[in-house]
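Each chain, written out:
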Amino acid sequence: MSISELRWKIFELIWASESMRKKTLLALALTCKSFTGPALDLLWRELDGLDPLIRCLPPSLWKIDKQELKFQRVMTLDDWSIFRKYSCRVSSLEMTYAPRAIRVGTDIWGALDCPPFPLPLLPNLTTLRWDAPDEAFPCIRSFVTQTLTTLIISTYYTTFSFGPCVQPILSCIPALCPSVSHVEFHGDEESGDEESGDAESGDASIALQSWSHLISVRTGSVSNAAILHLSNLPSLRKLYVGLCSTPIDADAQNLLRHPAFPALHTLDVRCNTLAPLDTFFDTFSLAPKILCIRVIDGWHSTEHLPASMSRISNACAHSALEHLEIVDDEFGINFDASIGAAVFQPIYAFRNLRIFHFEVEPDVLLHDGTLMQMAEAWPLLEDLAILGALSTSSHQHVTPNGLVSLLQRCPRLSSIRISMDWSAVDRPDVSPNIPYGGFAHKALTCADFGSSKIRQAVGVAAFMSAIAPKLRTITGWDSESHYEHDDYKIYSSRWKAVDDLVKAFSMVRAQERRMMLGAIRRGFVRR
């Protein structure tokens with residue numbers, strides 16, 4: 001290893017220590033000339049905002065007035081020379097919005113948009129996160145580079161959105177940074193406003209269609225043309241996207257009726273209603289490993305759910321899918337509605353499923369038989385969550401028998417979230433009988449029993465401690481879903497008592513094992 005390589009290794013070790021990183025690098029930069037270059041390279045590698053660059057310029061140039069950085073005079077060539085000395089070392093710039101942070105004034109943005117040297121301002125930039133005010137958005141053209149691989153554009157400033165006025169800028173960005181492989185567009189369209197989401201999707205869609213080497217995409221609603229383009233990319237691995245409500249025309253459907261997204265690993269789709277989701281899965285054949293679906297405005301009816309689940313099953317390769325998550329943010333129908341076992345039948349075909357989350361607003365009516373079918377269909381299951389946020393009714397039919405049957409057939413299951421009927425073990429004392437012949441699941445560590453109602457903590461805790469001795473946490477009636485319910489304090493306190501008792505029983509069992517081992521050892525010594 002050469003001296004320069006050894007020196008660089010030392011500097012990289014310093015970079016790994018975040019607590020003293022900046023102070024140590026600054027001290028090394030001032031130590032000797034051989035240290036100056038590497039130290040400055042690492043010191044300026046990642047930049048949070050432009051204000052550190054501006055404040056490295058002569059104090060006569062700038063001032064801070066009411067948390068805003070302003071220029072007091074025109075930048076000279078000497079000022080630009082100092083700026084260039086540090087800017088060429090920046091590889092990552094995060095222009096993130098923070099209410100109390102130092103803001104860069106309008107006059108500075110104007111000056112940076114007209115440098116006396118060829119653009120870009122940060123020539124070696126590879127990662128750019130842009131969350132700047134609307135008046136600064138045109139300046140993004142001065143920062144994107146030919147070497148840029150990650151581009152994140154946020155519109156969290158209240159005065160800015162992906163409207164028609166930014167279309168010319170967005171349209172020209174791909175030509176300035178053709179090497180982008182990871183792109184994210186965050187904006188208000190993700191809030192669930194169907195009309196604004198579709199109206200604004202076109203601008204981001206045009207930009208997306210200009211990149212041909214994308215590996216990951218995260219955006220709000222996009223046009224059908226953008227979906228078609230993304231479906232043909234051989235490099236795309238991760239896609240987080242909103243589906244617009246505009247129906248896919250017949251010509252587009254004919255183009256899309258082939259195996260799509262050839263390299264896709266993760267697909268996360270959001271839509272306001274179920275209709276665009278059905279169209280999407282009717283159109284595509286794909287093989288993701290992870291599939292997450294979020295219906296923002298709710299399903300409005302439960303009768304169409306089995307058909308929608310069948311579409312998912314028909315569209316996705318059964319052997320590929322390992323993680324399936326379906327979330328309904330707002331059900332939008334009367335709270336007496338419920339979801340039955342028929343909804344889950346189509347997805348039993350995914351035999352390699354490791355994670356299944358189904359979280360909705362109304363009751364999910366599970367039975368021991370349904371849980372048994374899931375266990376037999378998904379023997380590799382590691383994480384199961386089936387919860388209705390409003391499932392506080394007494395219509396819970398999964399019993400301890402069903403839970404044990406699931407655990408017996410799913411040896412890898414480490415986390416479970418379901419609501420149950422605990423009446424069989426809901427008693428004020430510990431049963432003298434060993435549950436289920438001493439069966440003990442070795443993987444389960446976390447359990448959330450949702451809206452399950454119990455009267456006595458002792459019996460439930462003793463049962464769970466016996467069948468799942470590795471259990472670390474057990475919860476029920478969490479505050480997020482139940483805080484406004486009249487019985488929240490009663491049942492949440494009982495489940496807290498169960499959690500405390502499970503931990504105590506676990507400690508007693510550990511002591512008992514140590515005593516038995518000690519007795520065995522002493523017996524061997526006597527012999």
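Residues numbered from 1 in each chain as written. Predicted model: local features only at pLDDT ≥ 70, side-chain atom pairs only at ≥ 80, totals over all residues. Heavy atoms only, no water.

Visitor: Any chance you could break down the overall build of the chain for me, citing the residues and the numbers?
Guide: Each helix and strand counted, the chain has 17 helices and 20 strands in total. The buried share of the chain, taken over its 527 residues, is 48%. Taking all contacts inside the chain whose residues are at least 6 apart in sequence as the whole, residues at least 24 apart take part in 74%. Carbon and sulfur atoms form 54% of the exposed surface of the chain, whose accessible area is close to 25,100 Å². (Helix = DSSP H or I, 4+ residues; strand = E, 2+ residues; numbered from the N terminus. Buried < 20%, exposed > 50% of the residue type's maximum accessible area, 1.4 Å probe, protein only. Contact = heavy atoms within 4.5 Å. Areas by Shrake-Rupley, 256 points an atom, 1.4 Å probe, with all protein chains shown as cover.)

Visitor: Can you lay out the pattern of salt bridges for me, pointing to particular residues and giving the numbers?
Guide: A side chain of one charge can pair with a side chain of the opposite charge if their charged atoms are brought near each other. Inspection of the entire model under this criterion finds 15 salt bridges. One salt-bridge network, in which partners are shared between bridges, spans Asp278, Asp282 and Arg311. (Salt bridge = Lys/Arg side-chain N within 4 Å of Asp/Glu carboxyl O.)

Visitor: Explain the pairing of strand E8 (residues 182-186) to me, and be specific about the residues and the numbers.
Guide: Pairing between strand E7 (residues 150-154) and E8: five bridges, direction parallel. Across the sheet, isoleucine 152 pairs through a bridge with glutamate 184, a residue of E8. In terms of strand pairing, E8 meets strand E9 (residues 216-222) through three bridges, oriented parallel. Residue valine 183 lies in a different strand from E9, and its bridge partner there is valine 217. (Pairing = 2+ DSSP bridges.)

Visitor: Tell me about a positive patch on the surface, residues and numbers included.
Guide: A cluster of basic residues, Lys442, Lys470, Arg513 and Arg514, forms a positive patch on the protein surface. Looking at the secondary structure, you find arginine 514 in helix H17 (residues 488-526). On the basis of relative accessible area, arginine 514 is assigned to the exposed category, the value being 56%. (Patch = residues over 30% accessible without salt bridge, like charges linked within 9 Å, V, L, I, M, F, W, Y side chains within 5 Å. Lys, Arg positive; Asp, Glu negative; His and termini not counted. Charge placed at Lys NZ, Arg CZ, Asp CG, Glu CD.)

Visitor: Provide a residue-level description of the nonpolar core, including the pertinent values.
Guide: Trp130, Phe356, Phe358, Trp422 and Met464 are the most contacted members of the largest nonpolar core, which totals 143 residues. No other element matches the six residues that helix H15 (residues 457-467) contributes to this core. With residues near it in sequence (within four places) discarded, methionine 464 still touches Leu403, Trp422, Leu444, Phe449, Leu471 and Ile474. (Core = buried A, V, L, I, M, F, W, Y, C linked by side-chain atoms within 4.5 Å.)

Visitor: Run through the packing of helix H2 (residues 21-29) against helix H3 (residues 33-43), naming residues and quoting values.
Guide: Following both chains from N to C, one finds H2 and H3 inclined at 155°, their axes separated by 8 Å at the closest point. In this view, H2 runs roughly antiparallel relative to H3, as classed from their interaxial angle. Note that H2 runs across H3; the crossing there is left-handed. In this structure, H2 uses Lys22, Leu25, Leu26, Leu28 and Ala29 to contact H3, whose residues at the interface are Phe35, Thr36, Ala39, Leu40, Leu42 and Leu43. Taken together, the residues of the contact of H2 with H3 break down into nine nonpolar, one polar and one charged. (Axes fitted to C-alpha atoms, helices over the stretch in contact; angles between N-to-C directions. Parallel < 35°, antiparallel > 145°, perpendicular 65-115°, else oblique. Left-handed = near helix turned anticlockwise from the far one by under 90°. Nonpolar A, V, L, I, M, F, W, Y, C, P; charged D, E, K, R; others polar.)

Visitor: Break down the packing of aromatic side chains for me, citing the residues and quoting the values.
Guide: Under the defined criterion, the tally for this structure stands at 21 aromatic pairs. In textbook terms, an aromatic cluster arises when at least three aromatic residues are bridged by ring pairs, as seen for Phe344, Tyr348, Phe356, Phe358 and Trp378. Above the face of the phenylalanine 117 ring, arginine 84 is positioned so that its terminal group lies 4.2 Å from the ring centre. If you follow arginine 218 out to its NZ or CZ, it ends over the ring of tyrosine 240, 3.8 Å from the centre. (Phe/Tyr/Trp six-rings, centres within 6.5 Å; stacked < 30°, edge-to-face > 60°. Lys NZ or Arg CZ within 6 Å of the ring centre and 35° of its normal.)

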